[in-house]
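Descriptive analysis of the structure
One letter stands for each residue in the lines below.
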Amino acid sequence: MTDLQPRSADHKSAGHRISVRVYYEDTDFSGVVYHASYLRFMERGRTELIRALGIEQRELFDGDAALGFAVRRMTIDFVRPAVMDDLLTVETVPTLARGATMELDQRVLRGEEVLITAQVKVACVGGGKARRIPDVLRQRLGLEIV
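What counts as what
Residues numbered from 1 in each chain as written. Predicted model: local features only at pLDDT ≥ 70, side-chain atom pairs only at ≥ 80, totals over all residues. Heavy atoms only, no water. Phe/Tyr/Trp six-rings, centres within 6.5 Å; stacked < 30°, edge-to-face > 60°. Helix = DSSP H or I, 4+ residues; strand = E, 2+ residues; numbered from the N terminus. Buried < 20%, exposed > 50% of the residue type's maximum accessible area, 1.4 Å probe, protein only. Salt bridge = Lys/Arg side-chain N within 4 Å of Asp/Glu carboxyl O. Pairing = 2+ DSSP bridges. pLDDT = per-residue confidence, 0-100. Contact = heavy atoms within 4.5 Å.

Comments concerning the packing of aromatic side chains
Under the defined criterion, the tally for this structure stands at two aromatic pairs. Relative to Phe 41, the ring of Tyr 38 lies with its centre 5.9 Å away and its plane at 85°, an arrangement referred to as edge-to-face. Taken together, the residues Tyr 38 and Phe 41, both in helix α1 (residues 35–52) and three residues apart, mark about one turn of the helix. Grouping residues by exposure puts Tyr 38 and Phe 41 together as buried. Ring centres 5.9 Å apart and planes at 65° place the aromatic pair Tyr 38 and Phe 78 in the edge-to-face group. Taken together, the residues Tyr 38 in helix α1 and Phe 78 in strand β2 (residues 68–78) connect sequence positions 40 residues apart. A residue is classified by how much of its surface remains accessible, and Tyr 38, at 3% relative accessible area, is buried. Exposure remark for Phe 78: the relative accessible area of 43% places this residue in the partly exposed category. Taken together, the ring pairs in this structure connect Tyr 38, Phe 41 and Phe 78 into an aromatic cluster.

Here is the structure:
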């Protein structure tokens, strides 16, 4: 896992990278990664970004003020397919925070080749309602609330 530099001036903070190996279970009958598998890969990227900031998701879930994150919107561009045994890199770059929501850019790469790009909006939720993103998380992400 390695920190990233922002990809453009629009990005307010550095991001995070993880490696993901493609297994048989991730593919369809032809050995090509099934489109829904990328959702799991990107979920791992978002989870590991938070973990790298020193925040365990389990800690957010515990207690009376339990919080979690729900994907509210995701726009995905499937550029090229990955295949069984590929070693992929999932990049996650937080870009914006608004009260209870956070936006992130994600990419899935094979080497330097971009396979997937996604813009993701997640909502912070607790007790079935939207909750403000905790200040400690927002600060560690380097995002100002707009």
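Once the structure has been displayed, the description carries forward.
Section: the pattern of salt bridges
Throughout the structure, instances matching the rule amount to 10 salt bridges. Across the pair Glu 43 and Arg 46 runs a salt bridge whose closest N-O atoms are separated by 2.6 Å. Residue Glu 43 and its partner Arg 46 are located together in helix α1, separated by three residues, close to a single helical turn. Residue classification places Glu 43 among the partly exposed residues on the basis of a relative accessible area of 36%. The partner of Arg 110 in a salt bridge is Asp 86, and the shortest N-O contact between them spans 2.7 Å. Of this pair, Arg 110 sits in strand β4 (residues 101–110) while Asp 86 sits in the loop between β2 and β3 (87–98), and the two are 24 residues apart along the sequence.

Some details on the pairing of strand β5 (residues 113–126)
Regular strands have side chains that alternate between both faces of the sheet. Of the pairings in the sheet, the one linking β2 to β5 comprises 10 bridges and is antiparallel in character. When the sheet's bridge partners are listed, Arg 73 is paired in β5 with Lys 121. In terms of strand pairing, β4 meets β5 through 10 bridges, oriented antiparallel. Looking across to β5, one finds that Gln 106 is bridged to Ala 118.

With respect to the confidence of the model for the chain
When pLDDT is averaged along the chain, the result is 86, and 86% of the positions lie at 70 or above. Confidence over residues 1–12 falls short of pLDDT 50; this stretch has 31 contacts with residues more than four positions distant or in other chains.

What to know about unusual backbone geometry
A positive phi is found at Asp 85, a non-glycine position, where the angle reads about 80°. When you line up the elements, Asp 85 lands in the loop between β2 and β3.

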